Amino acid sequence: MKRRAALAALASAAAGAWAPRSNAARPWRIYMVTWRGMTDVERGFEGYFTQRGIPVEYTWRDAGQSPARVAEFAREARELHPDLVYTWGTSATLGMAGTHDAPLPAAAPIVFALVADPVGSKIVPRLAGQGRDVTGVFHVAPLAAQLRAMRAYRPFKRLGVLYNGAEANSVAVANALDAELARDGGELLRTSFASGADGRPLGDGIEERIQRLHARGAQWLYLGPDTYLFTQIDRVAAAAREERLPTFATTESLIDSPAPVLAGLVSRYRTIGAFAAYKAEQILAGHKRARELPVETLSRFSFIVRVEVARALDVLPPVTLLNFAEFR
Amino acid sequence: MTGGSRSQLWVAAGVVGFAVAMACLLLGFKHRAALEGLQRARLALVADEMRDVVERNLGFGMAFGEIATLPDVLVSTRNTEELITGIDVVDPSGKAIYSTDAARRGLLPEHPDGEALSEAVVRNPFGVELGRVSVRYRLDRLQASSAAFAGFIAVRGLAVAILGTLALFLALRAIHARFARHSPASVTQALGRRYRVAALAAVVLAVTASILACAAIAYSSFRDELGPEALRKAETVGRAVDALAQKAMRWQLPLEKLPGMEDLFDSLERQNPEITWIALRADDRVLVGRGNPAHGTLAGNHVELPIITMADPAVLEIAVDPAWVARLFREMALDLAVILLVSLVISFELAVYLTGAGAFRAAAPDPAVSALGAMRAPFFLFLFSEDLSRSFLPLFAGALPVGPFAIPPNLVVSLPIALFMLIVALSQPGLGAWSERIGRRRAFLAGGIIGAAAHLGSAFAGSLAQLLAIRSFAGFAWAVAFVAAQGLVIDNTDRGTRTRGLAVFVGIIMAASMCGPPIGGLLADGLGARWTFAVAAALAAGATLLAWRDLPRLAGPARAPVRTGMSDYAAALANPRFAALLALAAIPAKVIVIAFCFYLVPLYVAQSGHNAAMAGRLIMLYSVMMVLLVPVATEAVERLQRRHASRPHAAFVAAGLALSGLAGLLMLLPLGLAGAAALVLLLGVAQALSIAPQAALVAEVNAGRAAGLGESAVYGVYRLVERLGNAMGPVIAAFLLQLAGFPFAFAAIGGAVLACAIAFYALFREPAAVPVGVAP
């Protein structure tokens, strides 16, 4: 609530004190680093400044999923002296900022977006009072909110999860789910993807794994923010539909894929970008230091239900969901 | 008309008039509150719905100022509700971005009088306030119907009051004629128990009949006006369901087959307690229905909305409980009972006033008796005026601007009470001698004037600092009047009659503390806190006038003034048993009473969503218990003492303390308001057990000690320390409340007092070597 009040104060300040700078003023220079091309996040980021009439000059660099190129961008940024650095995703952010215990020399304050777990990936030691001029926005809704959303759709006792056992972030999410469910008498049924000799996950036996989860009594299949899962989503979702097992997504990319995912509580990439831009604005025009701005996620997420999938699975959404979910 | 019958007429008019006036005020308030509540809830539904529309559009990535479809939605919504004058969507600075009235767009809209706003805050997905939806609706219909009801009930109330007065007057005359046939015409003489019982019964009957008559007259008017208003609200609720149906239709979902329809209907019935049946029907077949189906078939209490569903055209049926208005009246029964009770106290005070002093001043044979009688009415009125604010003072203080001080809110709320008590404690020792010097009459007049001014000032208090300053004057005035009245009793009694005189004095205090809080709560709900303070000021001024007219001008018999100096305090406190009595019993007892009754209970009641009248009624329970049980407890102590030749005082004090402590621990149970009522009740019982034995112990533990230290000096120390406990109570409670919430604050204080009780009993179980049978 405190945060909300503070934000409201900032917003009203934004309306007055931070009047858009006149056209004569030098535009702010923002150095943007993306990991795999421009996404809706950047469109939301730039759209925010356009809407508010704040002139900004962007220097966009895409890493094409290569850490070496991010290292080059870090060097370039230090030469260019931008007013602010924007980064997309965990890898690009770590490449530009380093971890909090081994920081890289800073070219400018950094605002990141779409980092699933900024504390777990050691970008910041904690969400507020992070002690370095790095702030940003993470995009996964709190687990409790996700479970509430699932229950609002269809109450359950047992939740199945299929995850990549080699991805630290996925394991951490599964553990947290386990703890959250245990608190109110639920149960998590976990299965990880098959793994090859080198430890990398394999797509073998996805269908059998989902069948087994269903046979053990899973009432939902949880689709976490898992990079490998994203590459297999078509098979996973098809297998779940075959089993008539409802699927619940946690990121926009999963619910937006053509695969038949039933529902999800997700952040819109555009909104995430706008929120990151709001933080950037406070640093640039509001003369705040990045370390004074907490790392946050949205306070309202989009609950998305895909009606065709609901019909196919024969799990129609409860009527009250019409009040707050977005049907498509 | 003889003097006796004239005073009977005044008593009848006063008590029936008071009861009818309070009942009409209560009915008027309930009428307005019920109408207002229905309208507010209805318009809040509209504002929320519009907010959802805006936020949903923002969720699709649209900018706040670019929702092209919004103006049409606003206009069509306005046209569905006849109360709505317009809908604006404003930015955080209040500038209208959208409006149903094109001329308002881009402006800081002004809100004409006679319009109310129902607002909902619009936030973007990361919680920043983007603006507000503000639905403007007309109040003229509400005001007109409130005014019409006020006129309606005032005229009929007056008629009821006149009839009730006449009936009571005739009854009192008849009773008087029957029982006092052989007595002198004046009712100053005691006429025996049967006369008093008969008179009391007549008053109860007349007041009850008058109150019931007012309620019965109001009932039809409530039903005629609230019924249609409730149906209009049911229609708005129905439209919200219709909006869901339309969405379901858009996605081709069969509404009647969607899960959760029952839950939806249940939750609507919970949120709208007057709605008792909601159903989706097609061809007279109920597809989904919740509540009492019988209510759906009654004529005139349900609405039907056509609903388009996937299957057949359906009808949504929403019914309002036909007994809803009766339910409202049942909820008022408690308030009406309180009015009856307070009327009885007032009739008693009036009777004593009219027969004792005032009207028969000249006839009173004994100047001392007449002085005491003359003190009674002004003192009661003065205390009553102060007690009016008990039930709402914490809330009132909490709503005032704090200014530049960074004080936690719970402490803010406790400060006016604490300061009042502190001033009372500190000013009293010096005031005794002062009021003796300038005369009790002048002292009381000074107290009355300062008190009236302080209440009036409280009505205008604009900030917490102002209120604190004003309340300290009120505390001072209270102390002045208290000491003056107490001095009058002491001056006009001797050793033989003092106990009785002081009992009358305490009786007045208890009667005022019984009547003040509930009546103050009713007034605050009906008129607002500030007007209630104004009423208090008028009452205090009235008390001053009465005192000016009635109190004897003569100074009391001269006596050597007893002064308590610093050395007396030191000497008294050097007695370890006395110090232990103060620390383990006197202070904890006061801390817990003031912390609970004056501070925590009013706040707790407000936080549980009840009004000031409810808080006042709960606080009253304490005084009622004291009035009923103090004599019983005192008698029990004396009887035990006689029968066993032992002094059970310490046991009574310890039991009272322990019970007070247990009352606090009771709040750990999830009982809600019932718990608070039980707590106040227990606290009253507990304090009734310990208050008199504790005072007696003061003399006992000091007997034979501290040569040169008089009994009155010891009592002076005792009272001062006790009153400091009063001042500490709210501050301690505020601190604990701020720390960890209500259950903790209640339980912590209760636990500490329980510990004190145990320690006290361990120390005082065996009487020290004191002569047995020292009467205080």
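Above this text sits the structure in question.
Presented here is a report on the structure given in the accompanying data block. (Residues numbered from 1 in each chain as written. Chains lettered and ligands numbered in written order. Predicted model: local features only at pLDDT ≥ 70, side-chain atom pairs only at ≥ 80, totals over all residues. Heavy atoms only, no water.)

**Considerations on the overall build of chain A**
Piece 1. Broken down by element type, chain A carries 13 helices and 14 strands.
Piece 2. Since a compact globule built from 328 residues should have a radius of gyration of about 20 Å, the 21 Å found for chain A is in line with a globular shape.
Piece 3. Partitioning the contacts of chain A with sequence separation of at least 6, the portion at a separation of at least 24 is 71%.
Piece 4. When the accessible surface of chain A is totalled, it reaches about 13,600 Å², and 52% of it is carbon and sulfur.
Piece 5. Seen as two clouds, the 40 positive and the 33 negative side-chain charges of chain A have centres 5 Å apart. (Helix = DSSP H or I, 4+ residues; strand = E, 2+ residues; numbered from the N terminus. Rg over C-alpha atoms; globule rule 2.2 N^0.38 Å. Contact = heavy atoms within 4.5 Å. Areas by Shrake-Rupley, 256 points an atom, 1.4 Å probe, with all protein chains shown as cover. Lys, Arg positive; Asp, Glu negative; His and termini not counted. Charge placed at Lys NZ, Arg CZ, Asp CG, Glu CD.)

**Re the side chain of A:Gln232**
Piece 1. Mapped onto the elements of the fold, A:Gln232 is located in the loop between helix H8 (227-231) and helix H9 (233-242).
Piece 2. When residues no more than four places from it in sequence are discounted, the contact partners of A:Gln232 are A:Gly203 and A:Ile206.

**Examining a nonpolar patch on the surface**
All names here are of chain B.
Piece 1. A surface patch of nonpolar side chains, about 290 Å² in accessible area, is lined by Leu 158, Ile 162 and Leu 166.
Piece 2. Among the secondary structure elements, Ile 162 is positioned in helix H3 (residues 140-179).
Piece 3. Judged by its relative accessible area of 48%, Ile 162 falls in the partly exposed class. (Patch = residues over 30% accessible without salt bridge, like charges linked within 9 Å, V, L, I, M, F, W, Y side chains within 5 Å. Salt bridge = Lys/Arg side-chain N within 4 Å of Asp/Glu carboxyl O. Buried < 20%, exposed > 50% of the residue type's maximum accessible area, 1.4 Å probe, protein only.)

**What to know about the sheet that holds strand E1 (residues 84-90) of chain B**
Residues and elements named next belong to chain B.
Piece 1. Read across the open sheet, the 4 strands follow the order E2-E1-E4-E3; overall the sheet is antiparallel. In the strand order of this sheet, the two ends are held by strand E2 (96-99) and strand E3 (115-123), each with one partner. Going across the sheet, the axis of each strand differs from the next one's by a mean of 25°, ignoring polarity.
Piece 2. Its contacts with the sheet place helix H2 (residues 70-80) against E1 and E2, and it is angled at close to 155° to E1. (Pairing = 2+ DSSP bridges. Axes fitted to C-alpha atoms, helices over the stretch in contact; angles between N-to-C directions.)

**Remarks on the packing of aromatic side chains**
Piece 1. In this structure the tally under the stated criterion is 30 aromatic pairs over all chains.
Piece 2. With 5.9 Å between their ring centres and 90° between their planes, B:Tyr604 and B:Phe746 make a pair best called edge-to-face. One end of the pair, B:Tyr604, is in helix H16 (residues 576-607); the other, B:Phe746, is in helix H20 (residues 711-764), with 142 residues separating them in the sequence.
Piece 3. Classification of B:Tyr604 by relative accessible area gives buried; the value is 14%.
Piece 4. Under the relative-accessibility criterion, B:Phe746 is labelled buried at 0%.
Piece 5. Through a chain of ring-to-ring contacts, the aromatic side chains of A:Phe45, A:Tyr48, A:Phe49, A:Tyr86, A:Phe275, A:Tyr278 and B:Phe126 assemble into a single cluster.
Piece 6. Here A:Arg151 stacks its cationic end above the ring of A:Phe156, 5.0 Å away from the centre of that ring. (Phe/Tyr/Trp six-rings, centres within 6.5 Å; stacked < 30°, edge-to-face > 60°. Lys NZ or Arg CZ within 6 Å of the ring centre and 35° of its normal.)

**Digging into the pattern of salt bridges**
All names here are of chain B.
Piece 1. A full pass over the atoms with the stated rule returns 48 salt bridges over all chains.
Piece 2. Arg 42 is the partner of Glu 81 in a salt bridge, and the nearest nitrogen-oxygen pair spans 2.4 Å. Pair noted here: Glu 81 is in the loop between H2 and E1 and Arg 42 is in helix H1 (residues 3-59), with a separation of 39 residues, a long-range link. Both residues of the pair, Glu 81 and Arg 42, count as buried.
Piece 3. In this structure, Arg 239 and Glu 235 form a salt bridge, with 3.8 Å as the shortest nitrogen-oxygen distance.

**Quick notes on the packing of H16(B) against helix H17 (residues 612-644) of chain B**
All names here are of chain B.
Piece 1. One way to put it is that H16 packs onto H17 with a least axis distance of 9 Å and a crossing angle of 155°. Taken together, the axis directions place H16 and H17 in an arrangement best described as roughly antiparallel. Note on packing geometry: the crossing formed by H16 with H17 is right-handed. Residue-level contacts link Val 593, Cys 597, Val 601, Pro 602 and Val 605 of H16 to Met 614, Ala 615, Leu 618, Ile 619 and Tyr 622 of H17. (Parallel < 35°, antiparallel > 145°, perpendicular 65-115°, else oblique. Left-handed = near helix turned anticlockwise from the far one by under 90°.)

**Section: helix H7 (residues 206-215) of chain A**
Quick reminder: α-helices carry 3.6 residues per turn. Residues three or four places apart thus point the same way.
Residues and elements named next belong to chain A.
Piece 1. All of the buried residues in H7 are Ile 206, Arg 209, Ile 210 and Leu 213. Seen end-on, H7 carries its buried residues on one side only, within an arc spanning 95°.
Piece 2. At its buried positions, H7 is contacted by strand E6 (158-163), strand E7 (187-192), strand E8 (194-195), strand E10 (220-223) and H9. (Arc of directions from axis to C-beta.)

**Quick look at the state of the cysteines**
Residues and elements named next belong to chain B.
Piece 1. Under the counting rule described, the total for this entry stands at 0 disulfides over all chains.
Piece 2. Between Cys 24, a free cysteine, and Cys 214, which holds the nearest cysteine sulfur, the sulfur-to-sulfur gap is 4.0 Å.
Piece 3. With no disulfide of its own, Cys 515 has Cys 597 as its nearest cysteine by sulfur position, at a separation of 16 Å. (Disulfide = S-S within 2.5 Å.)

**Structural notes on the pairing of E2(B)**
Residue and element names in this part refer to chain B.
Piece 1. Here E1 runs beside E2; their pairing, made up of 3 bridges, is antiparallel. Bridging from a neighbouring strand, Val 90 pairs with Ala 96 of E2.
Piece 2. The antiparallel hairpin formed by E1 and E2 contains 5 residues in its connecting segment, where Gly 94 sits at a positive phi of about 95°.

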